[in-house]
Amino acid sequence: MRRKLLFGNWKMNKSIEEARAFAKESHELKKFADSINVEIGVAPTYLSLAAVKEENPELNVAAQNCHFEDHGAFTGEISIPMLKELHIDWVIIGHSERRTYFGETNEACNKKLHALTSNDMKVIYCVGETLDEFEKGLTKKVIAKQVEEGLKGLSVEQLKKVVIAYEPVWAIGTGKSASKEIAEDICGYCRELIKKNFGAVSEEIRILYGGSVKPENVHDYLMQANVDGALVGGASLKVDSFHQLIANIAK
Ligand code: PEP
């Protein structure tokens, strides 16, 4: 049985003090989530990682990106050993905003996935089609390329450290969420691709939906057989809203 996972992606939001304040309140959130067997986590900016982990060492805390090299001349980047120093063991890779605004490719994601999973880090690997691709009926073609190129060459043991997040780009931050049927169809397709490439381990891999998930729709998504949780942007920023997301899963 795959445990449901609810992860908040804070993007470029919250000062260090605001992130710390959320983390102080996250003890109650985590207790509540544990009580209904839901796993939770948040991805603050790099600057707030230490504060959030310090306030709640039990909370899953993810970086929103990292480099695949350990050190070197990569201005503006941070590395896996630096994250480990802060006791951070989750990283989001390939978010559509990284792909769109910072030119992140499947090949770069693949290098990061290799580096992270061979260093015992957990990864949320994001895939998703643009509106244009969706309208042209190219969703599955795009997803297959992102999944297969991103996960290429990983061992089954490495793959076990990966969570996939299907996030249609047209649904992120737009308020326009995909239907639960689309979410189930594409999350199920991701599982088929993993089965084809890696075998029976596909049943263990968690696949999340992301894109305008809110307290009002989270239940519908998470009731789908192949949707094992959600990656949430806007609705994860406030403690009350995060609490409501957890509460509505159990409804
Ligand atoms: C995201 O940032 O991954 C996301 C899904 O954002 P939102 O929930 O705001 O659409």
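See the structure above.
The rules we used
Residues numbered from 1 in each chain as written. Predicted model: local features only at pLDDT ≥ 70, side-chain atom pairs only at ≥ 80, totals over all residues. Heavy atoms only, no water. Helix = DSSP H or I, 4+ residues; strand = E, 2+ residues; numbered from the N terminus. Rg over C-alpha atoms; globule rule 2.2 N^0.38 Å. Buried < 20%, exposed > 50% of the residue type's maximum accessible area, 1.4 Å probe, protein only. Contact = heavy atoms within 4.5 Å. Lys, Arg positive; Asp, Glu negative; His and termini not counted. Charge placed at Lys NZ, Arg CZ, Asp CG, Glu CD. Salt bridge = Lys/Arg side-chain N within 4 Å of Asp/Glu carboxyl O. Polar contact = N/O pair within 3.5 Å; in protein donor to acceptor, adjacent residues only side chain to side chain. Pairing = 2+ DSSP bridges. Axes fitted to C-alpha atoms, helices over the stretch in contact; angles between N-to-C directions.

Draft legend 1. Structural detail: the overall build of the chain. Along the backbone of the chain there are 11 helices and eight strands. Against the compact-globule benchmark of 18 Å for 251 residues, the chain has a radius of gyration of 17 Å, which places it among compact chains. With 251 residues in all, the chain has 54% of them scored as buried. Across the chain, the fraction of contacts at a sequence separation of at least 24, relative to all contacts at a separation of at least 6, is 72%. Charge-centre separation for the chain: the mean point of 32 positive side chains lies 2 Å from the mean point of 36 negative side chains.

Draft legend 2. Just the side chain of arginine 99, in detail. Position of arginine 99 among the secondary structure elements: in helix 4 (residues 96–102). With no salt bridge to any partner, buried arginine 99 finds its closest opposite charge in glutamate 104, at an N-O distance of 6.8 Å. Here asparagine 106 takes part through its side chain, which lies 2.6 Å from a polar atom of the side chain of arginine 99. Leave out the neighbours within four places in its chain, and arginine 99 touches Gly94, Glu104, Thr105, Asn106, Cys109, Tyr125, Cys126, Val127 and Gln146.

Draft legend 3. Spatial organisation of the sheet that holds strand 4 (residues 90–93). Here eight strands make up a closed barrel; going around it, the order is 1-2-3-4-5-6-7-8 and the pairing parallel. When strand polarity is set aside, the average angle formed by the axes of neighbouring strands in this sheet is 25 degrees. Sheet analysis places strand 5 (residues 122–127) next to strand 6 (residues 162–166), joined by five bridges and oriented parallel. Paired with valine 127 across the strands is tyrosine 166, a residue of strand 6. Contacts between helix 2 (residues 46–55) and the sheet are confined to strand 2 (38–43) and strand 3 (60–63), with strand 3 contributing the most and set at about 165 degrees to the helix. Strands in contact with helix 9 (residues 180–198) are strand 5, strand 6 and strand 7 (207–210); relative to strand 7, the strand with the most contacts, it is inclined by about 145 degrees.

Draft legend 4. Fine view of the pattern of salt bridges. Tallying each qualifying case throughout the model produces 21 salt bridges. Among the salt bridges present, the one from aspartate 185 reaches lysine 140, with a minimum N-O distance of 3.3 Å. Placement of the pair is aspartate 185 in helix 9 and lysine 140 in helix 7 (residues 139–151), with a sequence separation of 45 residues. Overall, lysine 140 belongs to the partly exposed group, its relative accessible area being 35%. The network of salt bridges with common partners includes Arg2, Arg191, Glu203 and Asp228.

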